[in-house]
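Residue-level structure breakdown
Letter by letter, the chains look like this.
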Amino acid sequence: NNENDRLAIRHALLTAARELLSKSISFSSSLNASTSNTPSDAVAVATFESESRILAVKLAAVIADIATRDFPQRWTTFISDIFVPPDHGVFGLWYVPPEESTDNVNVNGGNKRKGGGYGPLIGIKICLECLKAITEDCTDGDFNCKISTSRRNDVLTGLNEVHHQFIPLLYDLLSTQYSIVSSAKRNLMEMSQYLTSVGRTVSGMSVEERNMYDLEVGRRDTAGRIVGDCLATLEKFCQSMPTNWMLSYGSGADGGDMENGGSGATSANGNGNTNGGECDFLSALLHLLREDTCKLQILSVYCLYQLTQRKLEFNDWLRLISLLPQAIAEANEVSNNEDAIFGAAEGRSAANTTAAESNLLSLVKNYRFHRSLSKMLSQATSGYVAHISDPRVLKDNFTTADGMSAYQIVSSFLNLLADLVAHPSGRVCHEQSNTWAILLRDPQLSSTKYSHLLQPCLERVLVAFLTHLARMRWSDVEDQIHPMSALMEESWDDESDYSLWIGDFRSKANLLTRLIANIQPRLAARIIHEKFKVVFSTYSGGEVRDCTDPTTGQLTQKSTATMQLEGLNQPLDNVLLGFPEWALNANKQDDPSYMDPNRVEIRNQIRCLFTEIANILIAWKPVDCWLKFRRVTLLESLKYYWKYDPTTLPSGIDVFLVYLGEDDPSNGNQSLRDDFVGLRKKSGVALISVSKRIPHHLVPWIDQLSSRVKSLLSIDMAPSTRMHLFEFLSCIATAIEDPAIRSNFVTEVLSNALTNLESPVVREAIGSVDGLLLFLGVQQVGTNPALATNEEFVKRTSSNFVQLFSSLNQLLSVGKRCHEAARKRPNGGIPLPDSQLAAEITQNLQNFPDEGPVSINDLTMNDPFVHLWPRIFPAIIQILEILCTLWQPHYQGNLMKNAVQRYIYAISDDEAYLAKNQGSLSGGGVFGEGGTAGSVVAGWDRRQCNLAPKWSGWFNELRHTCIQLLGLICAQRALFSPEISSMYPRFVSVIANPDYLKAMEHRHLSQYIKQFVEYIHLCCPSTLYQSHVAPIATQFFKHMEYRLKCSWSPILNAGTSSDSTKPLTTDQCNAAADLALRGGEEWYISYYSRAGAYVGELEAVLGEAVVEKNRVELSRSYSDMLQTSLALKGDWNLVLANIAREEQALKKNDSNILETRPASKIKNSSGPVNANGSKRSKFYKAIEARKLVRIKKLSHFLFLENETIAGYLVLSIAECLGYPDAYTCRRCIAIAHKILENVAWVDRYTQLLGQQMFSNAIRVTVAEQKWMVGIEWDMINLIRDMYCRLVLGQYLQAGGQGSGMQQNSDGTRFEQSKSVDKPLQGGGILCVPSDLPRQVFASLSGINPEMVIEMERKLRENRSAKDQKEIIRDLLHTAAECIKESEINNEQAGVLGRANESESTLNIRSSKDVVPSLPEQLVTHSMVMKQNQKVEEADAASYGAHLFQS
């Protein structure tokens, strides 16, 4: 802090820098005078240059650090100290040697400076590094925590005040050094031309010629490095400093002659004008686009990119884009000229190099430049859509000083952008994907009135993106077979890099294609038609045969024909999806907008083009399996076209049906190859996709299609393929108008499944546990283990399972399709006539007759599947009861002792694979490389002849299918019908049996939560909560609190996974069986600790991953279910979002808000939409009114109508706040806010909220554990919500948002809020304040009652959310620091370890600035001038005020 010390340090540093400069000048002079050129001389030069460069960078960093602390108040002469020549100041470092010092170098000495040194320019290097470091430290967010805000502002203000002292110097340096680069390059070109004229090359030069050549290379590179350093500094200026530093231009707007060193700037003594004068850096940067030395052109683009991110004024932006096309054209011309001259000198003459090879070499050389240029041009466009859509541009009524109209300038610039998008490298094209999407989304630019600005570019853009959509074989690039292998290798590192890129590219290209099709449908249709015909004519016949299967000779997935046709699928799909409805729909002849003559012409042309495409695909008869696969995918895309023109639809359906039964001609009677299995699956998926989209067009052919399906079912095919056929027919059935016929048809479709389920064999199998074990071969294998691998027995047992499972699965699949179709009806599946719904909306009725038990007959009017439930529901209950019983401890104890039977409790290989890949299905799959097949049952997998690895999957599928059927019966409301009421007690006794719930594994309970509990909450009529939900929810929430506690306790107590959390393996089965037979608490604690997982012979690490996955998934499923039930996500949350939009539209009196879609959605039809962009149904008001009633009543039921449900639910959420899983915790915080909004005002909850929940939230916050990083503010906001409501008498908006709204108090009691019975509007408060939260705070280490009282005072005075959270954070930080000091070892590993100071939110305020503010107030010349001006203006005003007074 001593001024003398600061001066001494400054003096020492600047003296050292000056001495380094002097030594470099002396060394350079002696080097130029020397004629010696030995290897030892070269080493000495390289050593000196390297050491000088390192020392210069270090000195610059220290000088910049001191300047950051002292400039400008304490070191007012910083700039004038170093930015002057050595002969103009004591410490001057700005030394630019005269050009003659290098021109007169002895040629025999050659170029000794090959090590990248700076020579006498080392002082300039220090100056540039100083400026760059200071600018970066004071503006870059990464450094903001180190330098105080006021200090940063002072430094930046000081730099702006004196920028006229160094900006001209930088411009002059840029000009003079670039002139050296240009001069050296001209000399090199002349030398090259001379060598070419005499038939020689560079490699054949003499020693003297080589010395001369190297000398020019050295001059070029040395000057180029300085220009590069200057541009690096300018990039920081462009990024953060005032734009007038770079854009000041006046009489010297052309920026001087860069090549000849004419800058028009001030002299090097730094005494220039006050605003930079004629230092037009913009023109200089554009000129440097032509210079590839030391990557100067790329550095220039970086500077321009930073400028375009600054939101330039209209005139500045217009000037930039007006100069860019010419500058880029000149850069390309210079590059081509240089390539020709230097290429010839290196032996690449036109005689021995083709034009394609020369072009490829140029593309590879300039790839980085082109990519950065594309990015910069994209930013100059996407960041200035407001300027492009400015009336001065669109109306063409603005002209620049050069006489060019703004419209012409923008149009030329967009054409340049469109030209660049055609670059052969997809990465260059990809840089513009977002830009064109932004332009096309703009309502003005995409409107018909102003579409002429973009229209000339769209064809090139769409063609370019379609070109890159087809995947290329990376092996062709590696083997140099690809015609542009060199460019592809330059663009991507390896195949994985390319695969990641093309996934992202396709995603953005899909959106862009839809946007273009929406705005220019005729153009998009023509281009996709042309692209289709070119690709189809080239590859459809299979003439291009490469990468064929060596066994069959057929094309494979990697064949060129297959990949090219695959590249057509997404464009075709997205063009059709993006079309506005009028472009295809010719049926709305009563709509004038549809019958506009221009639109009619466009529509006829489009329909004609797509009719041709459809006919071509229908007539195509490919032979190769993979070409058939591509045919199916392309036909599937036509579903959007068939919606309006179903002429070729029957033929398309016929193709799908033919391929569903396609046999492998090369395989004889053996099993199908994977290619043909995939073809059948894809055909089935396409069949369902088309039938879901346009079922009404298939109803006339329903009899023929039914017959065709029956004939297909008679052949041998996989169960999944059969399922596709049943789903196909069910989709058609939903379009039948007559409810009775519709229901009868669905019954007929499912007749086989129903017959199987009601057959004596299945009834016997599901009649008891022993019956099911016998049916699936478990009983027999227990007696004779050899049967597990007996081929005949395995085949018979597998057939038994398929018979049972396929019946259930068919019911589930068809039921889901029927329910989907019912929800898509205008009434949304509400079992009331449309007329009654219309009257209800008109009269704004709030009593809903369907919010109660509804008969199955009424439900069948919408859903043709519902009438089947009385037949199938008893069987489902029976199967679930058997499965739940089978998992009881005594059954597990008995079966676990058998070496084979125990595997019915094991996880499957598929589950092991999901745990290994964290739920990802990428990679080779279970049976591929790195798969887990044969890891659970060592050496055996489910494809082999062994029942043991099959059982785990079978029991899992049976359980999950039955649970999903329960969710379906809830969704279809049949569970609440009078016809099912007699079965409901039996149903509850199974589904909510405490013993059955306790015996479930975590993975089973997760499915139970997601597929059943969530559905019964959402779908049960509000009047039936007590009768239908309460019996289930009571047992469920009680059990969940206990299970979660047992599951997480070992983790919380041990810190990391202990032995108790390790999965059960085969070696431990006997001990586990004994424990299970004893039963009791000990068994369940052990069972839950390992998530109930038995992993067989799975490796230890993967087994632990399975346990961790199941534990975490259970917690997440539970929190997600509650969020959905409380309208924090899902359909109910969408209702609240729609209501908020309606309120906003009403408030702003703007109905267009209701039609506004998210940015990712394309508007191809009119009418109101939901907040997520989906179209609203006809009776959306009636549908949302019912959901809103349930939203309100379910919350009230869960929290206020049943003490058992409410107690265990709230307690489980309070405990979940402390479980180390950020996903669960974040969602439970939102649930806790919802709890507070509903019940904070209820006295009975005070202990649970103020003690349990509040203390848990405080504990995990002050513990600062690593898993909490990122959600601390959310937790602090929850603490704030609890404290405000329970202690301070303040209520908040929903979700703990907004300022605290203080209620009046009489000293002992607060007045209740008006929204107490409206949780959606914020809820209420506890009228009598509780001391429990105060006691929790006061019990923390380092916190006393006075500190709590002071915190409360601040919270009452500062009620904004930000202030209150920071007040609480400060108090918690004090407690955390005291706890940290008392901890013996706070370096605990893992997620439970304490976060370090840089990660913890509590430590944000505690970290002090490394560079503090200065006490001296900054006063600059500009400030004084402004103050004087204000005084003069005030005086003038006072004189005028008294002008007529006496």
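Each chain has its residues counted from 1, running along the sequence as written. The model is predicted, so local features are restricted to residues of pLDDT at least 70 and side-chain atom pairs to those at 80 or more, both for listing and for counting; the totals for chains, interfaces and linings are taken over all residues. Only hydrogens and water are removed before side-chain values are computed, so all heavy atoms of the structure are retained for them.

Considerations on the packing of aromatic side chains
Think of a pair of aromatic rings as described by two things: how far the centres are apart, and how the planes are tilted against each other in angle. Note the following rule: Only centres within 6.5 Å qualify two rings of Phe, Tyr or Trp (six-membered ring in Trp) as a pair; their planes then separate them into stacked at under 30 degrees, edge-to-face at over 60, and tilted for everything else. Counting from the N terminus, the helices are DSSP H or I runs at least four residues long and the strands are E runs at least two residues long. Classification of residues uses two cut-offs on accessible area relative to the type maximum, computed with a 1.4 Å probe and protein chains only: under 20% is buried, over 50% is exposed, and between them is partly exposed. Lysine and arginine charges are scored as sitting over a ring when NZ or CZ, respectively, is within 6 Å of the ring centre and within 35 degrees of the ring normal.
Scanning the entire structure with this criterion turns up 46 aromatic pairs. An angle of 10° between the planes, with centres 4.8 Å apart, marks the rings of F801 and W954 as stacked. With F801 in helix 38 (residues 791–824) and W954 in helix 44 (residues 948–971), this residue pair connects regions lying 153 residues apart in the sequence. As far as burial versus exposure is concerned, F801 and W954 are alike and both buried. With 6.1 Å between their ring centres and 40° between their planes, Y1008 and F1036 make a pair best called tilted. Residue Y1008 is found in helix 48 (residues 1002–1019), and its partner F1036 is found in helix 49 (residues 1025–1054); the two are separated by 28 residues along the sequence. We note that Y1008, like F1036, is buried. Following the ring pairs from residue to residue traces out a cluster consisting of F873, Y984, F987, Y1008, F1012, F1036, F1037 and Y1118. When the ring centre of F927 is taken as reference, the NZ or CZ atom of R943 above it lies at 3.8 Å.

Things to note about the environment of W951
What counts, and what does not: Contacts are assigned to residue pairs that have any heavy atoms within 4.5 Å of one another.
Here W951 is to be found in helix 44. Placed 49 residues apart in sequence, W951 and R902 show a C-alpha to C-alpha distance of 9.8 Å. Each residue touching W951, except ones within four places of it in the same chain, is listed here: L776, G777, V778, V781, V900, Q901, Y903 and I904.

Some details on a negative patch on the surface
Just so we agree on the cut-off: Only residues whose relative accessible area exceeds 30% and that take part in no salt bridge are eligible for patches, with like-charged residues grouped when within 9 Å of each other and nonpolar side chains (Val, Leu, Ile, Met, Phe, Trp, Tyr) grouped when within 5 Å. Accessibility throughout is a Shrake-Rupley quantity obtained with a 1.4 Å probe, and a residue counts as covered only by protein chains that appear here. Definition used for salt bridges: Asp or Glu carboxyl oxygen within 4 Å of a side-chain nitrogen of Lys or Arg. Charge convention: Lys and Arg are scored as positive, Asp and Glu as negative, and His as well as the terminal groups of each chain are ignored. Throughout, a charge is located at the NZ atom of Lys, the CZ atom of Arg, the CG atom of Asp or the CD atom of Glu.
The grouping of E478, D479, E489, D493, D494 and E495 at the surface amounts to a negative patch. On the basis of relative accessible area, D494 is assigned to the partly exposed category, the value being 35%.

Topic: the confidence of the model for the protein chain
Here is the rule: pLDDT is defined as a per-residue confidence score from the predictor, taking values between 0 and 100.
Summing up the model confidence of the protein chain, the mean pLDDT is 88 and the portion of residues at 70 or higher is 91%. Here residues 100–115 is a poorly scored stretch, pLDDT under 50, and it has 37 contacts once near neighbours within four places are set aside; other chains count. Within the model, pLDDT remains below 50 along residues 261–277, and this stretch shows 40 contacts once partners closer than five positions in the same chain are excluded.

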